[in-house]
Amino acid sequence: MSFVKHSARLKHITRHLNAHKSVTSAAVAHVFSRSTNSQEYDLIVIGGGSGGLACSNEAAKYGKKVAVLDYVSPSPQGSAWGLGGTCVNVGCIPKKLMHQAALLGESIKDARHFGWNVPDNISLSWEKLVPAVQNHIKSLNWGHRVKLHNNKVEYLNAKGSFLDPHTIKAVLQNGTEKTLRAENFVIAVGGRPRFPFEVPGAMQYGISSDDLFSSEKPPGKTLVIGASYVALECAGFLTGLGFDTSLMMRSIPLRGFDQQMSQLVSDYMENHGTRFLKHCVPVRVDKDDRGLLHVTWKETETGKSHQETFETVLFAIGRDPETSQLNLERAGVEVHQQTKKIVGNNSEQTTVPHIFAIGDVLQDRPELTPVAIRAGKLLADRLFGGSDILMDYDKVPTTVFTPLEYGTVGLSEEKAIDMYGEDKIEVYHAFYIPLEFIVPGRNAEQCYMKAVCLREGDQPVVGLHFIGPSAGEVIQGFSAAMRCGLTYESLSSTVGIHPTCAEVVVKMHITKRSGLDPTVTGC
Ligand code: FAD
Ligand code: NDP
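Residues numbered from 1 in each chain as written. Chains lettered and ligands numbered in written order. Predicted model: local features only at pLDDT ≥ 70, side-chain atom pairs only at ≥ 80, totals over all residues. Heavy atoms only, no water.

A. The arrangement of the site of ligand 1 in detail. Neighbouring residues of ligand 1: 35 residues in total, closest Asp-70, Tyr-71, Thr-86, Lys-95 and Asp-360. Gly-51 places a main-chain nitrogen or oxygen 2.8 Å from an oxygen atom of ligand 1. Asp-70 places a side-chain nitrogen or oxygen 2.7 Å from an oxygen atom of ligand 1. Taking 1000 Å² as the accessible area of ligand 1 by itself, protein coverage stands at 93%. Contributions of two or more residues to the shell around ligand 1 are made by helix H3 (50-61), helix H4 (85-90), helix H5 (92-113), strand S4 (158-164) and helix H12 (369-384). (Near = heavy atom within 4 Å. Polar contact = N/O pair within 3.5 Å; in protein donor to acceptor, adjacent residues only side chain to side chain. Areas by Shrake-Rupley, 256 points an atom, 1.4 Å probe, with all protein chains shown as cover. Helix = DSSP H or I, 4+ residues; strand = E, 2+ residues; numbered from the N terminus.)

See below:
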């Protein structure tokens, strides 16, 4: 029987099983494997990033024959990197290390107030920072290769695309082509930074986060365009590292996040040296003989035009999925019409039953490393380990690593009001001063937190928001409590750890409704 007929048969079986609401991906895989024994692999994973590596390593633990393909198309500026995907090479890891470098600069200044004799003019060596960051990345690239090898996952440094629903073409680094067939496929190709095609010179002269962390040249005076995670984080650490940094924002900061918190995050950045160009969009980027970039932009409200010279222009205006070169139509996998991301059901199954998608490439899922990893692992367990545990995309915690970090889990205040109505919501909040800010006299105006609770019963906490030092470390623990059904009653009956910022979370007692001053005073 041909693979196409097989696919049609599988589709028919799946439709039938779906109709009885009993389909599981494992069942579909089982039906397939009984009727064909000639497949070369049990599983082929396309994309060796956070999700793809987790899925392939886990699948191999069940003794399955697994291959993972990973290929990095160079950025428009020519940047490329090793195994591990976005997080390891051009995302979480270099970002957090550069954020840390910026925080250390701030701490060195604070240290003077704690008695350290610090010279007046401290400065950063970008030339030392970049190799330090890149060396760590290389060790992670190597570690991932070793792990695949140890788990007996076949790794191909190759670009994959579908020939038919059970066959892919793998184009290796040296141009050699291979044809591989498998019973199951997982697409985990992630995404890449978007450039505004309508802005002349943007792609030609601008860079993205794909280029920044490995740039040998210090960025110098930089314009960051965009106002979400990537833009705010990059602008934040560049300012902290001592570069003259401007951020161009066309609308609001951190769309989708709690807007009170987002405003505080950007206010802190503005007070700490990042220049904000609000309600502005780029119009064109030109380069002169000296390599300087002349950016023309306009104000969206007045249409007024401006021009200024920068050394680096960083576009951080979102990411597009890497689906265009996968030949998905040959496999029958549907993508979202606008975003071109892959449409999947709650078991990450695409419109083709034996083809799954995880991580950033999947429509309507958070673009976060731990999400991709967990989804990949659980999928492998369901496919080969008899598990029926689905990935739970609810209450996923996250942190924006801006100079003053913002950690959050659950609903924003706006979303909670939308879902439940203002009368049904109680918001407990507090402005506080971290002890470590007091001696150096650091401004703590934006150190704030709130718990968004339902008013009924024990007041279940539906959203928790924290701005302050080490926000990721603080929110991680509380997110576990939220998964266990945290209520305001249990939160406020928890004994704090003194003296910490996190203890303020369990001591919040002023409601927004009361109108009382939520500033924490005293010890
Ligand atoms: P990726 O990690 O992007 O991996 C996909 C891989 O597939 C890539 O190596 C790609 O080159 C490869 N590929 C693509 N097409 C093909 C093909 N046809 N054949 C073979 N290989 C292919 N998340 C967090 O949780 N915390 C953070 O602090 C954080 N910081 C970030 C900072 C930045 C600047 C960015 C850009 C992202 C950040 N993220 C963060 C998001 C996180 O990096 C992603 O959510 C995560 O990497 C997604 O994993 P993935 O497996 O879906 O895709
Ligand atoms: P997002 O899609 O989250 O945000 C895009 C930003 O660019 C928005 O501010 C948007 O403004 C703006 N924008 C879009 N188009 C234009 C344009 N043509 N001109 C000017 N501005 C424009 O993208 P990011 O790249 O910031 O982040 C991608 C994902 O990566 C995030 O969703 C996140 O999940 C992940 N990530 C996670 C991090 C973490 O965990 N700490 C860190 C970094 C990334 P508007 O609001 O007006 O549309």
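B. Spotlight on the pairing of strand S11 (residues 280-287). Summarising the sheet, S11 and strand S12 (residues 293-299) pair through 7 bridges and their orientation is antiparallel. Residue pairing across strands places Val-285 opposite Val-295, the latter belonging to S12. Where S11 folds back on S12, the antiparallel hairpin that results is connected by 5 residues, among which Gly-291 adopts a positive phi of roughly 90°. (Pairing = 2+ DSSP bridges.)

C. Quick look at the sheet that holds strand S22 (residues 510-511). What the 6 strands build is an open sheet, ordered S17-S18-S21-S20-S19-S22; its pairing is antiparallel. Where the open sheet ends on each side, the last strands, each with one partner, are strand S17 (398-400) and S22. When strand S19 (residues 425-431) meets S22, the two strands line up antiparallel, connected through 2 bridges. Looking at S22, one finds that Tyr-428 is bridged to Thr-511. Helix H15 (residues 471-483) rests against S17, strand S18 (406-410) and strand S21 (461-467) of the sheet, and its axis sits at about 170° to S21. (Contact = heavy atoms within 4.5 Å. Axes fitted to C-alpha atoms, helices over the stretch in contact; angles between N-to-C directions.)

D. Looking closely at the UniProt feature "domain: Pyridine nucleotide-disulphide oxidoreductase dimerisation" (unreviewed entry) in the protein chain. Under the UniProt annotation, "domain: Pyridine nucleotide-disulphide oxidoreductase dimerisation" (unreviewed entry) lies at residues 396-508. Across residues 396-508, the secondary structure splits into 32% helix and 26% strand, with the terminal C-alpha atoms separated by 23 Å. (UniProt positions renumbered as here; feature names shortened; annotations may be inferred.)

E. Broad picture of the site of ligand 2. Around ligand 2, 20 residues are found, and the nearest of them are Glu-233, Ser-251, Arg-255, Glu-367 and Thr-399. Ser-251 has a polar side-chain atom sitting 2.4 Å from an oxygen atom of ligand 2. Within the backbone of Thr-399, a nitrogen or oxygen atom sits 2.8 Å from a nitrogen atom of ligand 2. Protein contacts shield 79% of the accessible area of ligand 2, which totals 920 Å² for the unbound molecule.

F. Structural view of the nonpolar core. Trp-126, Leu-212, Phe-237, Leu-464, Phe-466 and Val-505 are the most contacted members of the largest nonpolar core, which totals 65 residues. The biggest single contributor to this core is helix H9 (residues 229-240), with 6 residues. Those residues in contact with Trp-126, other than ones at most four positions away along the chain, are Met-98, Pro-131, Leu-212, Ser-215, Glu-216, Lys-217, Pro-218, Pro-219, Leu-238, Leu-241 and Phe-243. Membership of the second largest hydrophobic core comes to 50 residues, among which are Val-68, Leu-69, Phe-384 and Met-391. (Core = buried A, V, L, I, M, F, W, Y, C linked by side-chain atoms within 4.5 Å. Buried < 20%, exposed > 50% of the residue type's maximum accessible area, 1.4 Å probe, protein only.)

G. Spotlight on the sheet that holds strand S9 (residues 245-249). Pairing is parallel across the open sheet formed by 4 strands, whose spatial order is S10-S9-S8-S14. Strands with a single pairing partner mark the edges of an open sheet, and in this sheet they are strand S10 (275-278) and strand S14 (312-315). The average undirected angle you get between the axes of adjacent strands in this sheet is 20°. Packed onto the sheet, H9 meets strand S8 (222-225), S9, S10 and S14 and runs at close to 165° relative to S9.

H. Main features of the UniProt feature "domain: FAD/NAD(P)-binding" (unreviewed entry) in the protein chain. Per the UniProt annotation, the sites labelled "domain: FAD/NAD(P)-binding" (unreviewed entry) are residues 41-376. Taken end to end, residues 41-376 comprises 33% helix and 25% strand; its first and last C-alpha atoms sit 17 Å apart.

I. How the structure looks around the packing of H5 against H9. Remark: H5 packs on H9, axes separated minimally by 8 Å, with the N-to-C direction vectors making an angle of 35°. Here H5 and H9 pass one another in a crossing that is left-handed. The residues of H9 that touch H5, namely those facing Lys-95, Met-98, His-99 and Ala-102, are Glu-233, Phe-237 and Gly-240. Its residues assigned to classes, the contact of H5 with H9 shows 3 nonpolar, 2 polar and 2 charged. (Left-handed = near helix turned anticlockwise from the far one by under 90°. Nonpolar A, V, L, I, M, F, W, Y, C, P; charged D, E, K, R; others polar.)

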